[in-house]
Amino acid sequence: MTTLLAHPAPGTRPARPDRRALAALDFGQLGPNWYAAVMGTAITANAAVALPHRVPGQLDFARGVWALSAAVLVLLVAARLVHLTRHRAAAREQLLENPATAVFYGCPPMALLAVGFGTLAVGAPVIGTGPAVAADLVLWTAGTLYAVAVAAGIPYLMVTRHRLSALRANPTWLLPVVAPMVSAALGPALLPHLPAGLRPALFYACYGLFGASLLATLVVLPVVFAGLVHSKLPAVLLTPSLFLVLGPLGQSTTAVGNLSDAARATAPALAPAAFGLAVLYGVAMTGFALLWLLIAGAANLRALVRHRMPFGLTWWAFTFPVGTCVTGTAGLARHTGFAGFGWLAVGLYLLLLAAWAVAGVRTVSALAGGRLLRAAPAA
């Protein structure tokens, strides 16, 4: 749990940035949970262009954040290659022996998918439509294959290898099964750029991914809630993980909305049904998402005030799930014409922006100060 719960001891002051601390980073501790930073950064860019309202500089800001997410993804992939080649025992332990870190293997495919979509939706004016489509196609394909492998593989390990108790389930268990939903939501953006003969295959594949992820979530989510009620969270630093429940809610709303848009050209006979599903399902999921946002927000406020919850990488849970609610409600505004959904998307985006800024600054500070990926002192 070291990579998950790395944080300064309560009552200590943050250390000043130290070049020696940066040079002494221990890549053996670099787990898949670090991809949450890429996810949170990419969704901040992607959600900005999805909003129904515009302010001066909004698109330029989105492009800058997208470029940052792409750069961080490249650096993280390189660092993970170091981890997987030089720290094989640690990598094996994270996946096969430690269920607390294994569930975070849901993060890498979602990071690939989010950056790929951002490259097309945000970065195309910067790098050109052709390169943006090619990059998104590669990242969506790789991310989807990865997502399906994780959505099947991690539950398989839970059933056959990991020592777990359903009474101690927590929201991180949702990460592997929600990854295909991201593929379903972001795949339709590629449809206009594919040959006509390939479009139905991608369209129906996205609906299949939607169904697989939704049903898997409906299996896991009651177990998670039962575990929370029975055993509470095992550590205060896991309190931000309550926001992860928003992920499948907002992402599935985004998925049915984007698939509804795609149906008009790809499967016209299904367009009316797809539109009705997008609106009715989306409104219902948004209602539950807002209810859960109140619960998760109150629990985190309590953890901050009463327990002085320290910083950890779990704080990135405040970003991507909220971002999916932004894109979901923006889609509802587009489909219903109801201005309330548009302003709800704006309000959620302001929450996302604040969370992303705090998580980003604290992560950089913790890395520079040697409080994350801290190498063991020399004997």
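Here's a quick rundown of the structure. Since this is a predicted model, take the numbers as computed values, not measurements. (Residues numbered from 1 in each chain as written. Predicted model: local features only at pLDDT ≥ 70, side-chain atom pairs only at ≥ 80, totals over all residues. Heavy atoms only, no water.)

### Digging into the overall build of the protein
1) Next: Along the backbone of the protein there are 15 helices and 0 strands.
2) Next: Relative to its length of 379 residues, the protein is compact, with a C-alpha radius of gyration of 20 Å against a globular reference of 21 Å.
3) Next: The dimensions of the protein, computed from C-alpha atoms along their principal axes, are 70 × 45 × 40 Å.
4) Next: In the protein, which comprises 379 residues, the share counted as buried stands at 53%.
5) Next: Long-range contacts, defined here as pairs at least 24 residues apart, represent 84% of the contacts in the protein between residues at least 6 apart.
6) Next: When the accessible surface of the protein is split by element, carbon and sulfur atoms take 71% of a total near 16,800 Å².
7) Next: Positive and negative side-chain charges of the protein, numbering 23 and 7 respectively, have mean locations separated by a distance of 8 Å. (Helix = DSSP H or I, 4+ residues; strand = E, 2+ residues; numbered from the N terminus. Rg over C-alpha atoms; globule rule 2.2 N^0.38 Å. Buried < 20%, exposed > 50% of the residue type's maximum accessible area, 1.4 Å probe, protein only. Contact = heavy atoms within 4.5 Å. Areas by Shrake-Rupley, 256 points an atom, 1.4 Å probe, with all protein chains shown as cover. Lys, Arg positive; Asp, Glu negative; His and termini not counted. Charge placed at Lys NZ, Arg CZ, Asp CG, Glu CD.)

### Focus on a nonpolar patch on the surface
1) Next: A surface patch of nonpolar side chains, amounting to about 250 Å² of accessible area, comprises Phe-288, Leu-291 and Ile-295.
2) Next: Here Phe-288 lies in helix H13 (residues 271-306). (Patch = residues over 30% accessible without salt bridge, like charges linked within 9 Å, V, L, I, M, F, W, Y side chains within 5 Å. Salt bridge = Lys/Arg side-chain N within 4 Å of Asp/Glu carboxyl O.)

### Overview of helix H10 (residues 175-186)
1) Next: Compared with the 16 Å implied by 1.5 Å per residue over 12 residues, the 17 Å span of H10 between its first and last C-alpha is a close match.
2) Next: Most of H10 sits inside the fold, with 12 of its 12 residues counted as buried.
3) Next: Leu-175, Pro-176, Val-177, Val-178, Ala-179, Pro-180, Met-181, Val-182, Ser-183, Ala-184, Ala-185 and Leu-186 are the residues of H10 that are buried.
4) Next: Contacts from the buried residues of H10 go to helix H7 (107-121), helix H9 (129-160), helix H11 (199-231), helix H12 (246-266) and helix H14 (320-336). (Expected span 1.5 Å × (residues − 1).)

### Some remarks on the pattern of salt bridges
1) Next: Taken as a whole and judged by the stated rule, the model has 4 salt bridges.
2) Next: With a shortest N-O distance of 3.5 Å, Arg-63 and Asp-60 are connected by a salt bridge. Taken together, the residues span about one helical turn, with Arg-63 and Asp-60 both in helix H4 (residues 58-86) at a distance of 3 residues.
3) Next: Relative accessible area serves as the criterion here: at 26%, Arg-63 is assigned to the partly exposed category.
4) Next: Residue Glu-97 is joined to Arg-161 by a salt bridge in which the shortest nitrogen-to-oxygen separation is 2.5 Å. Taken together, the positions of Glu-97 in helix H5 (residues 88-97) and Arg-161 in the loop between H9 and H10 put the pair 64 residues apart, joining distant regions of the chain.
5) Next: By relative accessible area, Glu-97 is classed as partly exposed at 44%.
6) Next: Residue classification places Arg-161 among the partly exposed residues on the basis of a relative accessible area of 40%.
7) Next: The network of salt bridges with common partners includes Asp-261, Arg-264 and Arg-334.

### Quick word on the nonpolar core
1) Next: Ranked by size, the top nonpolar core spans 113 residues in total, and within it Trp-34, Met-110 and Leu-246 carry the most contacts.
2) Next: What Leu-246 contacts, discounting residues up to four positions off in sequence, is Ala-289, Trp-292, Leu-293, Pro-321, Val-322, Thr-324 and Cys-325. (Core = buried A, V, L, I, M, F, W, Y, C linked by side-chain atoms within 4.5 Å.)

By themselves, these figures tell us nothing about what the structure is for.
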